[in-house]
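Spelled out from the first residue to the last, the chains are:
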Amino acid sequence: MSKNFLEYLKNKYPDDKTDIKEIIIDAYQIKEFTPKEKDYLQKFTQIHLFSLNMTQLHSLNNLPHFPILSEIELSDNHIKGEELYKLTIYIHIRKIKLANNNIKNIEDIKCFNTFRDLNFLDLSENPINNINNYRKKIFDIIPTLAFLDMIDKEGKNYSEFEEEEDENEDNEEEEEEKNSEDSFIVYEKEDENEEIENEEEEEEEEEEQNEEEHKPNKKRKFN
């Protein structure tokens, strides 16, 4: 299986495409990475999203280190809480999805308070959800966290936040288009004014030339 997985990686992500931004290996049964698989994947230094949902992962050993990774998806696996500290190699992580695993203890989440940018954590469908004041405890542990299990501290759903983000992006695009149109109108008006000025200059030159041509010739007088 390991050899087959390495070949799968090489076929799906050839090492001459090292500028890719995402690696998605959902539903491929791997259980854990080998050192060779880790070394191969670390050639891709521009990865922002690493997705490993439904891969039957039990261990986070030999995770490839991606220096600018911002999102990792590990839902629907068999990951235990004692494995979570291995995620701290991703110092710029912003979003972690760990739904439907085997995470039981608050103590295992404390390693996440080292992240400076983590604002989204999904631990839904884990035994840890049954702990009293679970949400408050997680928010206290991770000060940067905005969303836990798709919900913020005020009970707002992440999908609403995404809709607002999309709306803001649309408004920004519309504003950019309007500014672009306004700029075009200004440039068009400037071109039109310049054309008028050129025409006026040509007319003035033509009038001056006509005046010169119609002036009477003066004869020299000799004494």
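Preceding this paragraph is the structure being described.
All figures in this text were calculated on a predicted structure; none of them were measured in a lab.

Trainee: Explain the pattern of salt bridges here, please?
Mentor: A side chain of one charge can pair with a side chain of the opposite charge if their charged atoms are brought near each other. Within this structure, the stated rule accounts for five salt bridges. Among the ionic pairs, aspartate 140 bridges to lysine 136, the shortest N-O distance being 2.9 Å. Taken together, the residues span about one helical turn, with aspartate 140 and lysine 136 both in helix α3 (residues 134-141) at a distance of four residues. Side by side, aspartate 140 and lysine 136 carry an identical accessibility label, which is exposed.

Trainee: Teacher, can you tell me more about the sheet that holds strand β6 (residues 147-148) here?
Mentor: The pairing of strands in a sheet happens through backbone hydrogen bonds and is either parallel or antiparallel. Here we have seven strands laid out as an open sheet, ordered β1-β2-β3-β4-β5-β6-β7, and mixed in their pairing. The sheet is open, and its two borders are formed by β1 (22-24) and β7 (151-152), each paired with just one other strand. Sheet topology note: the β1/strand β2 (residues 49-51) ladder contains three bridges and is parallel. Considered in β2, the bridge of isoleucine 23 is made with phenylalanine 50.

Trainee: How should I be thinking about the environment of alanine 146 in this particular structure?
Mentor: Its place among the elements puts alanine 146 in the loop between α3 and β6. Judged by relative accessible area, which is 31%, alanine 146 ranks as partly exposed. Spatially, the C-alpha atom of alanine 146 lies 8.3 Å from that of leucine 118, the residues being 28 residues apart in sequence. Aside from chain neighbours lying at most four places away, what touches alanine 146 is Asn119, Phe139, Ile151, Asp152 and Lys153.

Trainee: Help me out: how do you make sense of unusual backbone geometry in this one?
Mentor: Keep in mind that most residues, glycine aside, have a negative phi and that most peptide bonds are trans. At aspartate 149, a position not held by glycine, the phi torsion is positive, near 55°. As for its position among the elements, aspartate 149 is in the loop between β6 and β7. Despite not being glycine, methionine 150 shows a phi value in the positive range, around 75°. By secondary structure assignment, the location of methionine 150 is in the loop between β6 and β7.

Trainee: When you look at the packing of aromatic side chains in this model, what are you seeing that I'm missing?
Mentor: Within a pair of aromatic rings, the relevant descriptors are the distance that separates the centres and the angle that separates the planes. Taken as a whole and judged by the stated rule, the model has 11 aromatic pairs. Judged by centre distance (5.0 Å) and plane angle (40°), the ring pair of phenylalanine 5 and tyrosine 28 falls under tilted. Here tyrosine 28 lies in the loop between β1 and α2 (35-41) and phenylalanine 5 lies in helix α1 (residues 2-12), a separation of 23 residues in the sequence. According to the relative accessible area criterion, phenylalanine 5 is buried, its value standing at 1%. Ring centres of phenylalanine 112 and phenylalanine 115 lie 5.6 Å apart, and the angle between their planes is 40°; on these two criteria the pair is classed as tilted.

About the cut-offs
Residues numbered from 1 in each chain as written. Predicted model: local features only at pLDDT ≥ 70, side-chain atom pairs only at ≥ 80, totals over all residues. Heavy atoms only, no water. Salt bridge = Lys/Arg side-chain N within 4 Å of Asp/Glu carboxyl O. Helix = DSSP H or I, 4+ residues; strand = E, 2+ residues; numbered from the N terminus. Buried < 20%, exposed > 50% of the residue type's maximum accessible area, 1.4 Å probe, protein only. Pairing = 2+ DSSP bridges. Contact = heavy atoms within 4.5 Å. Phe/Tyr/Trp six-rings, centres within 6.5 Å; stacked < 30°, edge-to-face > 60°.

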